[in-house]
Amino acid sequence: SSNKSSFYSTRRAHHAGSWYQDSANELSQTLENYMNEADYVPSSSVLRGIISPHAGYSYSGPTAAYSFKALRHELQSSSSPSSPIQTIVILHPSHHVYLNGCAVSGASELETPVGNLTVDQELRQEILQLKSQSLSPEFSIMSKEDDEHEHSGEMQYPYIAHILHQCNKLNGIKVLPIMCGALSVQQETNYGQALGSILDRAHIFTVVSTDFCHWGSRFQFNPTPPPAIMSGGGENRNNNNYSMPIHEYIEQIDRRGMDLIAAQTPGAFADYLKETHNTICGRHAVSVWLRAMETISNNSSSSSSSSSSYHISFVKYAQSSAVASKRESSVSYASAVATRQVTS
């Protein structure tokens, strides 16, 4: 379905003025404040990707700042050679449209209040031309409407544009959004294998967009901690007979998943999702990325190449609020960095 009419020139910033500020000055000040508050741990490894949340900035902007601060540091790094990054691929889920497969943005540029991002049309063409027996369906192109209504990619764009502007690279570095639809584990594997050698290129950087647990009756997901073992009429500190506060239980569920992502075990991550049904909205994007890295490490171990494997660590975890009762709800956010050891 890659007919010319499915491309469009500009993806408008559909959520500006609601999910984040539409004034360039205010927005860049907000993002800068979040990044100033975030910690950054210097690393001798090369940053190759990040996981970042995608809620309204007042909710998840401070968490996203942790991973984007690492990206800014990578791009600004004065050490030689300078950063090879030329394209940032954004893997994000689909919240509004049912998509069987993966779709690239059809835009030539992505509008943000802090500067427009240029889409890497050559890389898009290469991905649209990927063919193999297992790629079913092949990569498609989002419609302009689906692209603009989806917030999970868009919430990454102002941060990216803000950082590129600061590094004088707004015209030098391109982007390519890829929407990951409702994929089976087999499809996740197939798309990951197809993207592996592409995401492995030194000049391509990956941003994976996901939130973590959506807890509460409005999300149809509200498991509660096991009951407390009551001893002789002692006061239960939670007043609800749970063994721990609900928000701690939510964090336990999230951290199990985060640990499996950090361990780069996509099979175990898939089993965990099946067992817990944790509402990690970007799970398919995360899984495609994990499968891509699995492909990369399989390929590099079979050849005696100097490339070494990836290391993923979570640098920030937060919840929109600390749930104490079944009446409440919350969404969890986490930031992670993926690095690779430099091998000479």
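Residues numbered from 1 in each chain as written. Predicted model: local features only at pLDDT ≥ 70, side-chain atom pairs only at ≥ 80, totals over all residues. Heavy atoms only, no water.

Asker: Explain the overall build of the chain here, please?
Answerer: Helices and strands together make up the secondary structure of the chain, namely ten helices and twelve strands. Expressed along its principal axes, the backbone C-alpha trace of the chain runs to roughly 70 × 50 × 45 Å. Looking at the chain as a whole, 53% of its 344 residues are labelled buried. Across the chain, contacts joining residues at least 24 apart in sequence account for 79% of those joining residues at least 6 apart. Within the structure as shown, the chain displays about 15,300 Å² of accessible surface, and the carbon and sulfur contribution to it stands at 47%. (Helix = DSSP H or I, 4+ residues; strand = E, 2+ residues; numbered from the N terminus. Buried < 20%, exposed > 50% of the residue type's maximum accessible area, 1.4 Å probe, protein only. Contact = heavy atoms within 4.5 Å. Areas by Shrake-Rupley, 256 points an atom, 1.4 Å probe, with all protein chains shown as cover.)

Asker: Looking at this model, I keep getting lost on the packing of aromatic side chains. Mind explaining?
Answerer: The relation between two aromatic rings is expressed through the spacing of the ring centres and the mutual angle of the planes. For the structure on display, the rule yields six aromatic pairs. Taken together, a centroid distance of 4.7 Å and an interplanar angle of 10° make the contact between F68 and Y159 stacked. Taken together, the positions of F68 in helix α2 (residues 57–76) and Y159 in helix α6 (residues 157–166) put the pair 91 residues apart, joining distant regions of the chain. For the pair formed by F68 and Y159, the shared burial category is buried. (Phe/Tyr/Trp six-rings, centres within 6.5 Å; stacked < 30°, edge-to-face > 60°.)

Asker: Looking at this structure, I do not really get the pairing of strand β3 (residues 87–93). What am I missing?
Answerer: For a regular strand, the rule is simple: side chains alternate between the two faces of the sheet. A large share of β3 lies buried, amounting to seven of its seven residues. Side-chain alternation along β3 places T87, V89, L91 and P93 on one buried face and I88, I90 and H92 on a second face that is also buried. Bridge analysis of β3 against strand β8 (residues 174–180) gives seven bridges, and the strand direction is parallel. When the bridges of β8 are listed, L91 appears paired with I178. One ladder, built from five bridges, connects β3 with strand β9 (residues 204–209); its direction is parallel. Counted as the bridge partner of T87 is I204 from β9. (Pairing = 2+ DSSP bridges.)

Asker: Whenever I open this one, the environment of T63 confuses me. Can you help?
Answerer: Mapped onto the secondary structure, T63 falls in helix α2. Overall, the relative accessible area of 2% leaves T63 in the buried class. Counting along the chain gives 256 residues from T63 to Q319, while the straight-line C-alpha distance between them is 9.5 Å. Every residue in contact with T63, bar those within four places of it in the chain, is listed here: P53, K316, A318, Y333, A334 and S335.

Asker: I keep staring at the side chain of S332 and nothing clicks. Help me out?
Answerer: Within the secondary structure, S332 sits in strand β12 (residues 330–340). When its relative accessible area of 0% is taken as the criterion, S332 is described as buried. Within the local environment of S332, its side chain forms a polar contact with the side chain of D254, the two groups lying 2.7 Å apart. Not counting chain neighbours up to four residues away, the residues in contact with S332 comprise D211, F212, C213, I250, D254, Y317, A318 and Q319. (Polar contact = N/O pair within 3.5 Å; in protein donor to acceptor, adjacent residues only side chain to side chain.)

Asker: Just to check I follow, could you spell out the packing of helix α1 (residues 24–37) against α6 for this structure?
Answerer: The relative placement of two packed helices is expressed as an angle between their axes plus a distance between the axes. It is at 10 Å that the axes of α1 and α6 come closest, and there the two elements cross at 85°. Compared by their axis directions, α1 and α6 come out roughly perpendicular. Residues L27, S28, L31, E32, Y34 and M35 of α1 form the contact with α6, whose participating residues are P158, Y159, H162, I163 and Q166. Across the contact of α1 with α6, the residue classes break down as seven nonpolar, three polar and one charged. (Axes fitted to C-alpha atoms, helices over the stretch in contact; angles between N-to-C directions. Parallel < 35°, antiparallel > 145°, perpendicular 65-115°, else oblique. Nonpolar A, V, L, I, M, F, W, Y, C, P; charged D, E, K, R; others polar.)

Asker: Can you walk me through the pairing of β12 in this structure?
Answerer: Counting buried positions along β12 gives eleven out of eleven residues, so the element sits mostly inside the fold. Side chains of β12 alternate between two faces, with S330, S332, A334, A336, A338 and R340 and V331, Y333, S335, V337 and T339 buried alike. Across five bridges, strand β2 (residues 46–52) lies against β12 in antiparallel orientation. Residue L47 lies in a different strand from β12, and its bridge partner there is T339. As defined by bridge partners, strand β10 (residues 214–215) adjoins β12 across two bridges and the pair is classed as antiparallel. Residue pairing across strands places W215 opposite S330, the latter belonging to β12. Where strand β11 (residues 310–319) meets β12, nine bridges bridge the pair, whose relative direction is antiparallel. When the sheet's bridge partners are listed, A318 is paired in β12 with Y333.

Asker: Mind showing me how you'd approach the sheet that holds strand β5 (residues 107–110) here?
Answerer: Within a sheet, neighbouring strands are paired by backbone hydrogen bonds and run either parallel or antiparallel to one another. Pairing is mixed in the open sheet, where three strands are placed in the order β1-β5-β6. Edge positions in the sheet fall to β1 (8–11) and β6 (117–118), since each has one partner strand and no second. The sheet contact formed by β1 and β5 spans three bridges and is parallel. Residue pairing in the sheet places R11 in a bridge with L110 of β5.

Asker: Can you help me understand the environment of S287 in this one?
Answerer: Positionally, S287 belongs in helix α10 (residues 283–302). By relative accessible area, S287 is classed as buried at 3%. When near neighbours in sequence (up to four residues on either side) are disregarded, S287 contacts E188 and F269.

Asker: Honestly, helix α7 (residues 185–199) in this entry has me stumped. Any pointers?
Answerer: Within an α-helix, residues lying three or four positions from one another point in the same direction, as the helix has 3.6 residues per turn. The end-to-end C-alpha distance of α7, which contains 15 residues, comes to 19 Å, matching closely the 21 Å that a straight helix rising 1.5 Å per residue would cover. Of all the bends found along α7, the most pronounced is centred on Q193 and spans about 30°. Of all the positions in α7, only Q187, E188, T189, N190, Y191, G192, A194, L195, G196, I198 and L199 are classed as buried. (Expected span 1.5 Å × (residues − 1). Bend = angle between axes of the 7 residues up to and from the residue.)

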